[in-house]
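Understanding the architecture of this molecule
Residues per chain are reported as follows:
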Amino acid sequence: MPVKTLRKPKPPPAFTGERADGASIAALHRQAEDCERCDLYKHATQVVFGEGPPHAPIVLVGEQPGDREDVLGRPFVGPAGRLLDECLREADIDRSLCYVTNAVKHFKFERRGKRRLHSRPNAGEIQRCAWWLAAEIELLEPKLIVALGATALYALMGRSIGLTKYRGHLLKTMNGTPLLVTVHPSYLLRIRDRDEAQAARQAFVVDLARMQSFLPPE
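Residues numbered from 1 in each chain as written. Predicted model: local features only at pLDDT ≥ 70, side-chain atom pairs only at ≥ 80, totals over all residues. Heavy atoms only, no water.

**Quick notes on the overall build of the chain**
This is how the line gets drawn: The helix count covers DSSP runs of H or I at least four residues long, the strand count covers runs of E at least two residues long, and both are numbered beginning at the N terminus. Only C-alpha atoms enter the radius of gyration, while the globule expectation follows 2.2 Å times N to the 0.38, with N the number of residues. The charge count includes Lys and Arg as positive and Asp and Glu as negative, but it does not include His or the ends of the chains. Lysine's charge is taken at NZ, arginine's at CZ, aspartate's at CG and glutamate's at CD.
Across its full length, the chain holds eight helices and seven strands. Relative to its length of 218 residues, the chain is compact, with a C-alpha radius of gyration of 17 Å against a globular reference of 17 Å. Projecting the C-alpha coordinates of the chain onto the three principal axes gives extents of approximately 60 × 40 × 40 Å. Here the chain carries 32 positive and 26 negative side-chain charges, and the mean point of each set is 6 Å from the other.

In structure tokens:
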């Protein structure tokens with residue numbers, strides 16, 4: 001009987017070894033302003049790069065910028081960002097100590113009249129934009145990465161790790177960095193039942209509180 005050769009698991013998009021080359025986050029940001037690695041730049045207002053301290057101990061990774069972020073050019077400044085700020089405070093986490101970014105740097109949307117409605121990025125777009133996320137992680141060398149939602153989790157861990165199964169768990173990325181799995185704050189905004197929404201918010205705060213042990217002592 002012939003021996004089967006097992007294929008090596010495909011590395012997740014952010015850890016393929018391919019990434020942008022920049023001496024600083026600011027240098028990467030300048031490069032990304034001209035990014036045409038996928039077609040999303042054609043309709044977005046501008047690239048929305050990550051922001052935070054250059055040596056942040058924690059990196060929070062979301063999916064993509066929303067409408068407000070696209071207009072202002074900053075990550076997590078819309079409704080989901082405000083909710084994230086509130087939940088971080090409840091978890092006793094100072095957001096100013098964290099670097100916040102997205103797996104995809106341009107806003108993907110569908111037009112409905114005058115409104116621009118969020119459209120989930122596909123695997124190809126996530127893979128192409130991981131060029132920037134990988135470089136951010138390489139420069140920052142964080143003590144912890146937080147995957148906010150399924151898109152971020154795919155970019156950082158690949159298809160084999162499911163959000164529902166690993167929610168609230170600490171995993172390790174291919175380069176050995178601890179990774180916390182949780183939901184994206186926009187998920188909480190979509191819950192209509194008041195009691196369910198409150199319970200989900202409390203669970204999110206519990207997840208975020210796990211970040212405390214990765215912050216420097218005061």
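**Here's the deal with the pairing of strand β7 (residues 178-182)**
Basically, it comes down to this: For the exposure calls, accessible area comes from a 1.4 Å probe over protein chains only, and a residue counts as buried if that area is under 20% of its type's maximum, exposed if over 50%, partly exposed in between. Here a strand pair is declared whenever DSSP counts at least two bridges between the two strands.
The element β7 is extensively covered by neighbouring structure, given that five of its five residues are classed as buried. Where burial is concerned, the two faces of β7 agree: the one with Pro 178, Leu 180 and Thr 182 and the one with Leu 179 and Val 181 are both buried. Where strand β5 (residues 144-148) and β7 come together, four bridges link them in parallel fashion. Directly across from Leu 148, in β7, lies its bridge partner Thr 182. Bridge count between strand β6 (residues 170-172) and β7: three bridges; the pairing is antiparallel.

**Some words on the environment of Gly 176**
Take Gly 176: it is sitting in the loop between β6 and β7. On the basis of relative accessible area, Gly 176 is assigned to the partly exposed category, the value being 34%.

**A short note on the packing of helix α1 (residues 25-32) against helix α4 (residues 123-140)**
To keep things clear, this is the line we draw: In this analysis an axis means a line fitted to C-alpha atoms, helices contributing only their contacting stretch, and an angle means the value between N-to-C directions, from 0 to 180 degrees. Here roughly perpendicular refers to angles of 65 to 115 degrees, roughly parallel to angles under 35, roughly antiparallel to angles over 145, and oblique to all remaining angles. Contact definition: two residues touch when any of their heavy atoms are within 4.5 Å.
Packing of α1 against α4 leaves a shortest axis separation of 10 Å and a crossing angle of 170 degrees. As summarised for this structure, α1 and α4 are arranged roughly antiparallel, according to the angle between their axes. Here Ile 25, Leu 28, Gln 31 and Ala 32 of α1 lie close against α4, whose contacting residues are Trp 132, Ala 135, Glu 136, Leu 139 and Leu 140.

**With respect to the side chain of Glu 69**
Using the following cut-off: When a carboxyl oxygen of Asp or Glu lies within 4 Å of a side-chain nitrogen of Lys or Arg, that pair is called a salt bridge.
Counting through the fold element by element, Glu 69 comes out in helix α2 (residues 67-72). Buried charge without a partner: Glu 69 forms no salt bridge, and the closest opposite charge is Arg 82, 7.5 Å away. The contact partners of Glu 69, leaving out residues within four places of it in the chain, are Val 48, Arg 74, Pro 75, Phe 76, Val 77 and Gly 78.

**Describing unusual backbone geometry**
Positive phi values are uncommon outside glycine, yet Phe 76 reaches one of about 55 degrees. Mapped onto the fold, Phe 76 is located in the loop between α2 and α3 (79-90). The backbone phi angle of Asp 92 is positive, close to 65 degrees, even though this residue is not glycine. Position of Asp 92 relative to the elements: it lies in the loop between α3 and β2 (98-102). Using a relative accessible area of 60% as the deciding quantity, one classes Asp 92 as exposed.

**Looking at helix α5 (residues 150-157)**
Burial of α5 is extensive: seven of the eight residues sit out of reach of the surface. Within α5, the full set of buried residues consists of Thr 151, Ala 152, Leu 153, Tyr 154, Ala 155, Leu 156 and Met 157. Remark: Gly 158 follows α5 within two positions and exhibits a positive phi of approximately 85 degrees.

**Here's the deal with the nonpolar core**
Counted only if it meets this: Residues belong to a common nonpolar core when they are buried Ala, Val, Leu, Ile, Met, Phe, Trp, Tyr or Cys residues joined through side-chain atoms within 4.5 Å.
Of all hydrophobic cores here, the largest spans 36 residues; its most connected members are Val 61, Trp 132, Leu 156 and Leu 179. Of all the secondary-structure elements, those providing two or more residues to this core are α1, β1 (58-62), α4, β5, α5 and β7. Considering each element in turn, this core owes the most residues, seven residues, to α4. Once you skip the residues sitting within four places of it in the chain, Leu 179 turns out to touch Leu 144, Ile 145, Ala 147, Leu 153, Leu 156, Met 157, His 169, Leu 170, Leu 171 and Thr 173. Among the nonpolar cores identified, the runner-up in size contains 26 residues, and Ala 91, Val 100, Leu 148 and Phe 204 belong to it.

Purely spatial values, then, with no claim about function.
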